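Topology and contacts: notes
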Amino acid sequence: MAGPTFGTMTQQGVRWTAEQVLALAPDAASRKAGSKLGAAGPWSEAGSSDEGTVWGLCKGSGSKPYQTVIDVADAGGPAYKCSCPSRKFPCKHALGLLLLWAGDEALVPRAQAPDWAEQWLAGRRRRAEARRTTTGAASGAASGDPEAARRRAERRAERITAGAAELEQRLADLLRGGLAGAEQAGYGLWEETAARMVDAQAPGLAARVRELGAVPGSGADWPVRLLEECALLHLLDQGWLRRERLPDGLAATVRSRVGLPGSPDGPPVRDRWLVLAQYDTVDARLTTRRIWLYGAESGRTALLLSYGAAGRAPELALPVGLAFEAEVSAYPGAGQLRSTLGERFTAPAPAAIRPPGVTPAEAAARYGEALRDDPWLDSVPVTLARVIPAPDGDSWQLADADGDLALPLTPSARSRPGLWRLVALSGGAPVTVFGECGHRGFTPLTAWPEREGEAVGLC
Amino acid sequence: MNGITTPPETPDASRWEELVTVALLGTDRRPAPGLAAGQEAPAALLDAAAVETVRRRAGLRPAPSAARPAPAAEDPRPPLPYAAARRLAMLLADRPGAGGGRRGSAPDLMELLPQWLALANARGFAAPPEALPALLDAARGRTDLRPAALTFAGPRALWLARLNPDWRFALRAAPGGSSDVPDLRDADRVRRLWQEGLFAERVALLSAIRAQEPAAARELLESTWATERAEDRLMFLDSLRTGLQAEDESFLERALADRSRNVRATAAELLSAMPGSALAARMAGRAGACVAVDHTRTAPTLVVEPPHECDAGMERDGVVAKAPAGRGERSWWLGQLVEATPLGSWSPRLGGRTPEEIVALPVADDWRDELHAAWSRAAVRQRDPGWSRALLGTPSIPEAAGPGAVSLAERAKLLATLDADERSEWVAGFIAAHGLSESFQLLGVCAVPWSPALGRAVVDALNIARDAGSYPWSFSGVMGLAERCLEPSEAARLNALTATPEEAEDASPGAGGYWSEAFQRLVTTLRLRAVMREELTSP
């Protein structure tokens, strides 16, 4: 079979770094297992093509080696195929092969793809073509009977309204008896209420209620935090109950905070997007991945969310510090940065783009302004320019190199290993730091040295 | 609200305090402030609290900045090439602990870190700042890595170590750390630090001076010698080991009369390593009286008459009178005398014979092992290659592998006195004759990368071990060494060995597969080392 000539592929350019490869790993165990396979030993007939395909045979425990092939340059993100039985995605063989490819060009030389790899690629491209031609037609048909959908939405809204009213009652009971009693009540009370909110199909309310349970055990000043969170929950309930009277943008924000699924109906913005940060938060049910993007032309910051069921990595993975051209559409709601990734036109590649930065004072003001559109906001994404990490008692802060103001780090950011990478990168000199700035302080996520240099991930 | 500071005491702040108090006690006990008519008290409280919460958050202001750390010293070294920086991140990411178990055919990256650091240091590259925390963590867990890791890490690592207690070790290990050694030309500061400093600071100071001006260090030590505590005297005396010179003799002679036995023993040991010293001459006299050539026998033979007593003079010269349990005291004394005797004195005493001829002489009455062991210790202490060579003998003689007079550990020490070429030649000969089972310690003293002859000997011996049907993990120590020490260009020759061989009848089941895996790992590691080296060759 001849080399690929389809028009959808893009020139693949530079190989990735090991860190960028490892960021694709679904969990720590895969990262470890993949690292072990990132050496020539078990691999044979490995090769890569200019179009961004990497393939190889990996010797496993059986007699037949696994066939692993990865399409790195696919505009929809890297795609993997491996003949191993693993349910992890990507599997350790795909990670190992990418590490090998990233680490040593001689071990994964330019070559002609073998038939088995070529077949898979051809199939993928055929399906991609088919999707492209049918999307336009399908989007209308998929929504089904509009009348039925409207009735479903109405029924759900009624349930949520009942849930919000019930929650209001619980909050009122709590404040009538006093927060002091909440310390003894413990998690049980909140877990039960959260379950009621799940029944009411208001996952946003349920998540907030569940978090209330942890506040009494969270150290000094917990009554202050509990009152704040109760008050904001009350505000959300009231917002929902009176959503008809709110301006459209705020009403959309309330709907999304309550947990109604929105659809990214903003106009697609085509731009060169720099991947600012990617990090996962894990709870018993769900792994949530947040990816921050910065658009070089539009100057917009966008948040991509992607979920994985417990123990499985979210599918979307983008290497920090690289940029790619793509369309991004925003979700509805005032002050909402959540977006969805549409068509991608190029594969992520190194770029000299850096987001413009502000001072600590401007960052704090930016958070305050953002609360106007969304009072439930915990933090906003901000890039700080010319700040110096400085120790401040048990904690650290990011101090304005040209002023006398500083943003303290959030308590959780103090204990992360990324803090020391940031301090080391700075060496007492100003750095540029991207992170989340909110009422708990600043969480650094990525940093750049003052002079030229690559982005250093901190999460 | 512990993140950003709130505006100081204002009417709003006291209003918030009031809301918190009411919330804590409950609206049943406390009236909610500002309750509008017809409103439920809890709802009114929550309304007010929501307004206050958003108001407080929106009004947050940055904190005044704390004292900033003084900037780290510039690192003038050129930055690492891109590929090498990526490689370093990979080596550092491979921490032991997680995973574990069988390594399969993947290389042990952490074991390559020492080599990588040595190469990077030889080429004078600066460490990428963001890699310093991982580098310091690695050095914290492995003391053997510290010197090279800290050299590579450079000034910014010391700067970091002052900010993180986990990395304090870096300050202790590095000169110019917390125990700042002053400019040695500043006589006043030196003297003050010597007189008032903490013990660790004083040891560091003494060692620093000894390295530059041996005589000045001795004089400094003499100036306070009489008032030092016994255990401190011992440590200080030990630091004279570096740069030992004839001028130290009179001071060391006086230390032979020290109150502390350990100090006396150390002084005697140092003196015996100076062939021209009076102590060495006294020892030579004593030992010489115990060993002689008997010409009355059919062949010239060494006869040994060990000392009958350990007199006060011997004790003063560091001979320990009391033998350890299970050893005859006369042979114990003899061993100490011979060990402290200059090896050069034997040839004149024993008929002008060369070391080889002396070692070859038969020894009467089973004294051979005792005598040869003592000479070996002397050859190591006095770093005498001539005698080492004689005592090591030809590597291929059968006795060389046996549990003879000279243990493997002793032999490794003897080898260390020879130059690198001779060392690896001897070990190659040893392995060719005796295989790998006893070779681990000996290989450990050979220069890295191994010479072609030594590398070939090891690979051939591994091949023979495989054909003999044993399992590779019987040789895991040597395999590990080979991964780190074989010249990377040997990889090509090894390729043929990575195939799984037909299973022989008498072989251990499955051994062939494990061997091919072990050889694969070896080849992979060698390739990786070659790549590592290439990456570190600028630009």
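Calculation criteria
Residues numbered from 1 in each chain as written. Chains lettered and ligands numbered in written order. Predicted model: local features only at pLDDT ≥ 70, side-chain atom pairs only at ≥ 80, totals over all residues. Helix = DSSP H or I, 4+ residues; strand = E, 2+ residues; numbered from the N terminus. Buried ≥ 20, exposed ≤ 12 C-beta atoms within 10 Å, placed from the backbone. Contact = placed C-beta atoms within 7 Å. Nonpolar A, V, L, I, M, F, W, Y, C, P; charged D, E, K, R; others polar. Pairing = 2+ DSSP bridges. pLDDT = per-residue confidence, 0-100. Axes fitted to C-alpha atoms, helices over the stretch in contact; angles between N-to-C directions. Core = buried A, V, L, I, M, F, W, Y, C linked by C-beta atoms within 7 Å. Domains from an automatic or database assignment. Parallel < 35°, antiparallel > 145°, perpendicular 65-115°, else oblique. Left-handed = near helix turned anticlockwise from the far one by under 90°.

**Some words on the overall build of chain B**
In terms of regular secondary structure, chain B is built from 27 helices and three strands. Among the 539 residues that make up chain B, the fraction classed as buried is 36%. Put simply, of all contacts in chain B between residues at least 6 apart along the chain, 68% involve residues at least 24 apart.

**Things to note about the interface of chain A and chain B**
At the interface, 64 residues of chain A touch 64 residues of chain B. With nine residues, the top contributor of residues to the side of chain A that touches chain B is helix 8 (residues 222–241) of chain A. Across the side of chain A that touches chain B, the residue classes break down as 38 nonpolar, 14 polar and 12 charged. Sheet topology places strand 13 (residues 405–408) of chain A next to strand 1 (residues 63–64) of chain B; two bridges connect them, and they run antiparallel. Its bridge partner being in strand 1 of chain B, A:A406 is matched across the sheet by B:A63.

**Here we look at the pairing of strand 7 (residues 301–309) of chain A**
Residues and elements named next belong to chain A. As defined by bridge partners, strand 6 (residues 286–295) adjoins strand 7 across nine bridges and the pair is classed as antiparallel. Counterpart to L293 in the pairing with strand 7 is A302. Linking two consecutive strands that pair antiparallel, namely strand 6 and strand 7, is a turn of five residues; a positive phi of about 70 degrees is found at G299 within it.

**Points about helix 16 (residues 329–339) of chain B**
Turning to helix 16 of chain B, its buried residues number three or more, namely B:W333, B:L334, B:G335, B:Q336, B:L337, B:V338 and B:E339. Residues of helix 16 of chain B that are buried in the fold lie against helix 14 (278–288) and helix 19 (368–381) of chain B.

**Things to note about the confidence of the model for chain A**
Residues and elements named next belong to chain A. For chain A, the mean per-residue pLDDT works out to 86, and 92% of the residues sit at or above 70. Mean pLDDT values for the elements of chain A range from 68 in helix 4 (residues 115–142) up to 97 in strand 14 (residues 431–438). Contacts for the low-pLDDT stretch residues 1–12, under 50 throughout, to residues beyond four places or in other chains number 25 contacts. Segment residues 136–142: pLDDT under 50, and zero contacts once partners within four positions in sequence are set aside and those in other chains are kept.

**Here we look at the sheet that holds strand 14 of chain A**
What the seven strands build is an open sheet, ordered 16(A)-15(A)-14(A)-11(A)-12(A)-13(A)-1(B); its pairing is antiparallel. Strands with a single pairing partner mark the edges of an open sheet, and in this sheet they are strand 16 (456–457) of chain A together with strand 1 of chain B. This element, helix 10 (residues 360–373) of chain A, spans strand 11 (379–392), strand 12 (395–400), strand 13 and strand 14 of chain A of the sheet and lies at about 145 degrees to strand 11 of chain A. Contacting strand 11, strand 12, strand 14, strand 15 (441–449) and strand 16 of chain A, helix 12 (residues 417–426) of chain A crosses the sheet at an angle of about 45 degrees to strand 15 of chain A.

**Points about the nonpolar core**
A:L98, A:L293 and B:L136 are the most contacted members of the largest nonpolar core, which has 172 residues in total. For this core, the leading source of residues is helix 8 of chain A, giving 10 residues. Mapping this core onto the domain boundaries places at least three of its residues in each of domain 1 (12–57) and domain 4 (419–539) of chain B. The contact partners of B:L136, leaving out residues within four places of it in the chain, are B:A153, B:A157, B:L160, B:A161, B:W167 and B:A170.

**Side note on the sheet that holds strand 1 (residues 43–48) of chain A**
All names here are of chain A. Within the open sheet, the four strands sit side by side as 1-2-3-4. Their pairing is antiparallel. Lying at the two open borders of the sheet, with one neighbouring strand each, are strand 1 and strand 4 (79–82). Across the sheet, the mean angle separating the axes of adjacent strands is 10 degrees when strand polarity is ignored. Here strand 2 (residues 53–58) pairs with strand 3 (residues 66–71) via six bridges, running antiparallel. Counted as the bridge partner of C58 is Y66 from strand 3.

**Digging into the domain arrangement of chain B**
Residue and element names in this part refer to chain B. We note that the domain assignment places domain 1 (12–57), domain 2 (187–274), domain 3 (278–418) and domain 4 (419–539) within chain B. Computed over C-alpha atoms only, the centres of domain 3 and domain 4 are separated by 36 Å. The partner domain 4 presents 13 residues to the 12 residues of domain 3 that form the contact. With six residues, helix 21 (residues 408–416) is the single largest residue contributor to the side of domain 3 that touches domain 4.

**Here we look at helix 25 (residues 476–485) of chain B**
Turning to helix 25 of chain B, its buried residues number three or more, namely B:V478, B:M479, B:L481, B:A482, B:E483 and B:C485. Its buried side turned inward, helix 25 of chain B meets helix 23 (440–444), helix 24 (452–467) and helix 27 (511–535) of chain B.

**Description of the packing of helix 3 (residues 82–93) of chain B against helix 4 (residues 109–123) of chain B**
Residue and element names in this part refer to chain B. The interhelical angle for the contact between helix 3 and helix 4, taken along N-to-C directions, is 135 degrees, at an axis separation of 8 Å. Relative to helix 4, helix 3 is oriented oblique. The two elements helix 3 and helix 4 cross, and the hand of that crossing is left-handed. Contact with helix 3, carried on its side by L88, M90 and L91, involves L109, M110, L112, L113 and W116 of helix 4 and no other residues of that element. For the contact of helix 3 with helix 4, the class distribution of residues is eight nonpolar, no polar and no charged.

**What about the environment of B:A491?**
Residues and elements named next belong to chain B. Along the chain, A491 turns up in helix 26 (residues 491–494). Through-space distance from the C-alpha of A491 to that of D317 is 54 Å; in sequence the pair is 174 residues apart. Filtering out sequence-adjacent residues up to four positions away, A491 remains in contact with V523, L526 and R527.

**Here we look at the packing of helix 11 (residues 230–238) of chain B against helix 13 (residues 261–272) of chain B**
Residue and element names in this part refer to chain B. For the pair helix 11 and helix 13, interaxial distance at closest approach is 9 Å and the crossing angle is 10 degrees. By the angle between their directions, the pair helix 11 and helix 13 is classed as roughly parallel. The way helix 11 lies across helix 13 gives a crossing that is left-handed. Side by side, helix 11 and helix 13 meet where A230, R233, L234, L237 and D238 of the first sit next to N262, V263, T266 and A267 of the second. The residue makeup of the contact of helix 11 with helix 13, split by class, is five nonpolar, two polar and two charged.

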